[in-house]
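Residue-level listing of the chains:
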Number of protein chains: 2
Amino acid sequence: MSKGGKIEPRRLKGFRDYLPAVMRGRYRISDAVRFEAELAGFQPVGTPALEYAEILLGQGGEETDKQVYKFTDHGDRQVALRFDLTVPFARFVAEHQGELTFPFKRMQIGDVWRGENTQKGRYREFGQCDLDIIGNDSVAADVEVLLTLARILKRVGFGKFTVAVGHRPVLSALIRKTLGITDVQAETQALIALDKLAKIGADKVREMLVKIPENIHGEAGAAALLGQLQQKTATGDSDLAAVQAFLGSDEASGASMQRLKHTLDLLRQLTADLSELTLRLDLTIARGLGYYTGIVFETTIDALPGFGSICSGGRYNDLASRFTTRELPGVGGSVGLDRLLAALEELNQLSDVRSAEVFVAVATADAQAYAFTIAQAVRGNGMACDIGLGGKLSNQFKHADRLGARFVITVGTDEVVSRTANVKDMKLGTEKKGVSSDQLLQELKLSDSDVF
Amino acid sequence: MSKGGKIEPRRLKGFRDYLPAVMRGRYRISDAVRFEAELAGFQPVGTPALEYAEILLGQGGEETDKQVYKFTDHGDRQVALRFDLTVPFARFVAEHQGELTFPFKRMQIGDVWRGENTQKGRYREFGQCDLDIIGNDSVAADVEVLLTLARILKRVGFGKFTVAVGHRPVLSALIRKTLGITDVQAETQALIALDKLAKIGADKVREMLVKIPENIHGEAGAAALLGQLQQKTATGDSDLAAVQAFLGSDEASGASMQRLKHTLDLLRQLTADLSELTLRLDLTIARGLGYYTGIVFETTIDALPGFGSICSGGRYNDLASRFTTRELPGVGGSVGLDRLLAALEELNQLSDVRSAEVFVAVATADAQAYAFTIAQAVRGNGMACDIGLGGKLSNQFKHADRLGARFVITVGTDEVVSRTANVKDMKLGTEKKGVSSDQLLQELKLSDSDVF
């Protein structure tokens with residue numbers, strides 16, 4: 001890999017560098033998460049990137065286990081890089097339950113690693129922002145998580161989005177009744193098939209459903225299931241009344257449907273002012289495998305149909321059962337940091353960020369200290385300000401232009417003596433010479449104050 | 001590791017979880033870094049946690065190579081977890097040089113991993129916040145990095161700190177002259193010995209210096225070196241004039257000393273208003289191995305003598321020489337995120353953070369929606385507000401108390417009807433009943449507006 005004695009500067013497949021404009025977009029998302037989460041009383045936590053392999057494996061199914069980055073460390077321990085923020089959080093809650101106050105509202109932002117096949121917008125290292133409420137089984141907790149996630153997505157500010165909410169027990173009841181299934185494995189196969197509905201279409205899903213050996217109603221069963229799921233009301237929501245009529249006297253699913261309806265009613269009422277959000281009842285939402293036992297949800301960007309979900313989650317009834325006998329029901333959701341970042345890139349929302357609003361150019365070496373004094377004053381007033389580090393003045397101007405600076409302040413020997421500066425507005429092309437110290441910040445549209 | 005069918009929830013040695021109070025302290029540090037770096041025009045970047053092993057190895061010396069977490073991935077590639085943010089950044093700059101504008105000012109915050117022996121306050125996973133200016137060799141760049149780092153540490157707000165600045169070429173000249181050394185390896189051995197001065201004391205360093213085979217002046221040489229380094233002026237700085245007199249007509253070190261003096265003069269002038277900072281010229285600063293070719297610096301917290309450096313760095317003349325023929329001189333420094341966090345813990349500055357300022361308790365189930373409406377109004381006014389998720393009112397109050405809430409707002413059926421709320425000040429123990437919607441936010445010391 002050596003060229004003329006040099007090592008080729010290359011990255012691993014599926015791993016990316018973040019250049020400044022993209023990195024700023026990443027911070028824009030994680031800052032929105034932190035801002036709204038903190039306002040709503042979610043508490044930040046952190047867990048290690050590396051865990052004992054036994055903590056992580058056997059949780060996300062065989063497919064996931066295969067993708068986990070695992071190795072033997074210096075102390076001969078089997079270790080692995082986390083593939084999500086949920087399994088380590090289960091370990092965290094079990095280990096620290098005595099130090100936490102329940103219900104515990106958690107916010108965690110971190111990177112995860114999966115050795116999956118790379119495709120457009122999919123990476124082997126990607127960030128997740130998780131919100132969860134642990135130790136509570138209420139509709140209010142479901143609402144609080146969804147409400148906070150919606151406010152986060154509004155704050156990121158990319159435009160309109162749709163949160164589709166389904167309910168795992170209702171979907172399970174439909175699968176069992178239409179396909180005549182009682183076996184959990186077979187039910188999971190049906191869920192996996194339905195999870196692909198948006199991606200591969202109804203015909204292919206029907207084929208998959210027919211092939212499930214335990215489906216005793218075959219073609220008719222598959223058609224009935226898809227028929228029930230595809231019934232829509234005038235507003236485009238799943239037709240809960242029709243499904244309820246079909247399921248009849250199934251008490252468990254009746255209670256589930258009541259709860260789902262109550263959750264959506266509350267959400268609709270509390271998000272009436274959130275014009276970016278469309279709430280949709282969608283019983284087809286399956287969330288593949290996983291541990292969901294109540295609502296499940298996915299979020300899509302209205303301007304990017306086919307892009308896939310950027311924020312999803314649901315309710316689970318026992319977070320940490322592998323680690324503790326304590327029952328910890330919870331509800332949570334995750335904003336896909338790099339998925340949403342890829343969406344912002346696709347929406348061309350990451351381009352025009354400037355690195356500095358003001359640039360102080362230094363015409364003569366003896367003006368460097370004075371230039372720093374000016375730069376510090378501008379920074380002290382909250383404007384990003386870069387400074388020339390020597391070299392030709394024309395090159396400093398070119399550099400300032402590339403950084404996107406709106407104003408270039410120039411100082412040299414004369415300005416040091418007269419305590420003035422020259423200010424060029426790079427947008428208007430105008431220049432003012434000999435601006436005095438007490439006018440400079442005003443010139444930059446800042447509050448006036450004599451700062452140097 | 002299974003107890004009663006349960007997996008023991010344990011962490012790897014040297015890895016830590018961050019509970020909320022500590023995690024907030026971590027964000028307090030990284031936010032200070034981001035705020036000041038952005039004001040000064042440093043640009044955020046990101047690089048992967050995993051790199052090809054050949055990119056990372058052979059850079060930090062044999063000791064470091066041994067500590068690197070390396071393994072073979074699914075595609076049979078030799079990969080490794082980054083052990084610092086500098087070597088991956090060298091790869092980054094070489095790979096993206098066409099996309100960057102030089103001088104490039106970089107800010108990067110990220111975790112790194114080292115399999116080193118764990119000790120108090122030292123972890124195998126820890127965060128670093130790096131600032132660098134690449135593609136520039138000026139005193140102004142040195143000053144800009146040090147200035148920005150000092151403003152970051154002021155902003156974190158832990159109290160007084162001391163930045164000790166040395167100069168590698170001056171130190172090298174002293175080593176060569178006193179020990180009669182010309183060999184680079186031997187010089188490195190002397191640097192490694194001097195780097196331990198604060199930790200093991202002058203006597204043990206002298207022993208190490210005497211043992212260097214190339215030290216042709218033996219005991220006398222070691223004594224002369226330490227004698228030169230320990231000369232202090234009345235202000236406690238290294239006595240640069242005395243060292244200059246000793247080194248005599250060595251032109252290179254003469255220029256180095258002029259530059260060092262100029263750097264410190266500029267820094268003293270520009271940080272005169274920064275009362276937390278003590279600047280100290282300290283020629284003993286060696287920064288162990290590494291690639292430094294100009295100033296080197298370390299930062300200590302005045303209230304924690306013996307704690308060690310929380311922020312260090314220096315100038316290097318060729319960042320990316322392993323990857324590109326392009327010469328890229330630079331200067332950089334790194335805030336040890338978890339070192340500084342450990343310092344904040346030791347200073348008891350992480351304890352009294354509240355999770356929510358306001359808590360909305362729900363007395364009756366039919367008041368849940370109304371409670372959410374109030375919580376949203378409070379949040380909309382920028383106050384962190386948690387909400388009751390059902391259960392006994394007394395338990396909700398206990399929970400609110402544990403979260404540190406200053407105000408508990410209670411609503412039930414009556415309040416829904418009258419559009420009022422009861423507000424208890426948990427600090428004063430006072431309660432106001434029937435507070436109307438237009439008075440509630442005022443009651444919480446917020447601006448008044450009719451919000452619900």
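Just so it is clear, the model here is predicted, and its values are computed rather than measured. (Residues numbered from 1 in each chain as written. Chains lettered and ligands numbered in written order. Predicted model: local features only at pLDDT ≥ 70, side-chain atom pairs only at ≥ 80, totals over all residues. Heavy atoms only, no water.)

Draft legend 1. Quick peek at the confidence of the model for chain A. Residues and elements named next belong to chain A. When the pLDDT values of chain A are averaged, the result is 92; 95% of them are 70 or greater. Residue range residues 446–452 is modelled with pLDDT below 50. Its contacts to residues more than four positions away, or to other chains, number 20 contacts. Confidence estimates for the predicted assembly give a pTM of 0.95 and an ipTM of 0.94. (pLDDT = per-residue confidence, 0-100. Contact = heavy atoms within 4.5 Å.)

Draft legend 2. Structural context of the side chain of N215 of chain A. All names here are of chain A. Position of N215 among the secondary structure elements: in the loop between α9 (202–211) and α10 (218–229). A relative accessible area of 6% places N215 in the buried class. Among the polar contacts listed, one links the side chain of N215 to the backbone oxygen of L209, at a separation of 3.1 Å. If sequence neighbours within four positions are ignored, N215 has contacts with L179, I181, L209, V210, G221 and A222. (Helix = DSSP H or I, 4+ residues; strand = E, 2+ residues; numbered from the N terminus. Buried < 20%, exposed > 50% of the residue type's maximum accessible area, 1.4 Å probe, protein only. Polar contact = N/O pair within 3.5 Å; in protein donor to acceptor, adjacent residues only side chain to side chain.)

Draft legend 3. Structural detail: the relation of the copies chain B and chain A. Take chain B, turn it by 180 degrees, move it 0.0 Å along the axis, and it overlays chain A with an RMSD of 0.1 Å. Each copy turns onto its partner about a two-fold axis. Closest approach to the rotation axis among the C-alpha atoms of chain B is made by F71 of chain B, whose C-alpha sits 3.1 Å away. Of the interface residues in chain B, 100% have counterparts in chain A that sit at the interface too, so the contact is made through matching surfaces. (Least-squares fit on C-alpha atoms with pLDDT ≥ 70 in both.)

Draft legend 4. Inspection of the interface of chain B and chain A at higher detail. Taken together, the contact pairs 99 residues of chain B with 99 residues of chain A. Both sides together, the interface formed by chain B and chain A hides about 8,700 Å², and carbon and sulfur atoms give 60% of it. Per-residue buried area on chain B facing chain A is highest for I7, L12 and L389 of chain B; these three make up 8% of the total on that side. At the junction of chain B with chain A, the criterion picks out 12 salt bridges. Between D17 of chain B and R91 of chain A there is a salt bridge, with the nearest N and O atoms lying 2.6 Å from each other. The tally of links from chain B across to chain A stands at 36 residue pairs in polar contact (both at pLDDT 80 or more). Top element by residues in the side of chain B that touches chain A is helix α1 (residues 20–39) of chain B. It accounts for 8 residues. Among the residues forming the side of chain B that touches chain A, the class breakdown is 49 nonpolar, 22 polar and 28 charged. (Buried area = accessible area lost by both parts, 1.4 Å probe. Salt bridge = Lys/Arg side-chain N within 4 Å of Asp/Glu carboxyl O. Nonpolar A, V, L, I, M, F, W, Y, C, P; charged D, E, K, R; others polar.)

Draft legend 5. Up close: the pattern of salt bridges. Enumeration according to the criterion identifies 60 salt bridges over all chains in this entry. In this structure, E54 of chain B engages R10 of chain A in a salt bridge whose closest nitrogen and oxygen atoms are separated by 3.7 Å. In this pair, E54 of chain B is assigned in helix α2 (residues 53–56) and R10 of chain A in the loop between β2 (6–7) and α1 (20–39), connecting two distinct chains. Given a relative accessible area of 30%, E54 of chain B falls into the partly exposed group. Residue R16 of chain B is joined to E345 of chain B by a salt bridge in which the shortest nitrogen-to-oxygen separation is 3.4 Å.

Draft legend 6. Up close: the packing of aromatic side chains. Enumeration over the complete set of coordinates arrives at 13 aromatic pairs over all chains. Of the aromatic side chains, those joined through ring pairs into one cluster are F15, Y69 and F71 of chain A together with F15, Y69 and F71 of chain B. In this structure, R339 of chain A is placed above the aromatic ring of F307 of chain A, and the distance from its NZ or CZ to the ring centre is 4.3 Å. (Phe/Tyr/Trp six-rings, centres within 6.5 Å; stacked < 30°, edge-to-face > 60°. Lys NZ or Arg CZ within 6 Å of the ring centre and 35° of its normal.)

Draft legend 7. A look at the nonpolar core. Within the largest apolar cluster, 211 residues are counted, with the highest numbers of intra-cluster contacts made by L209, L340 and I409 of chain A together with L209, L340 and I409 of chain B. Every residue in contact with L340 of chain B, bar those within four places of it in the chain, is listed here: I29, L153, V156, F158, I301, I310 and V335 of chain B. (Core = buried A, V, L, I, M, F, W, Y, C linked by side-chain atoms within 4.5 Å.)

Draft legend 8. View of unusual backbone geometry. Cis rather than trans, the peptide bond between F102 of chain A and P103 of chain A has omega equal to -5 degrees. Along the chain, P103 of chain A falls in the loop between α4 (86–96) and β7 (104–113). A positive phi is found at D76 of chain B, a non-glycine position, where the angle reads about 65 degrees. By the element assignment, D76 of chain B lies in the loop between β5 (70–72) and β6 (78–81). Residue classification places D76 of chain B among the exposed residues on the basis of a relative accessible area of 64%.

Draft legend 9. Fine view of the sheet that holds strand β14 (residues 358–362) of chain B. Residues and elements named next belong to chain B. Taken together, 5 strands build an open sheet; the order of strands is β15-β14-β16-β17-β18 and the sheet is mixed. In the strand order of this sheet, the two ends are held by β15 (385–387) and β18 (430–436), each with one partner. The average angle at which neighbouring strand axes cross in this sheet is 20 degrees, direction not considered. Where β14 and β15 come together, 3 bridges link them in parallel fashion. Across the sheet, F359 pairs through a bridge with D386, a residue of β15. (Pairing = 2+ DSSP bridges. Axes fitted to C-alpha atoms, helices over the stretch in contact; angles between N-to-C directions.)

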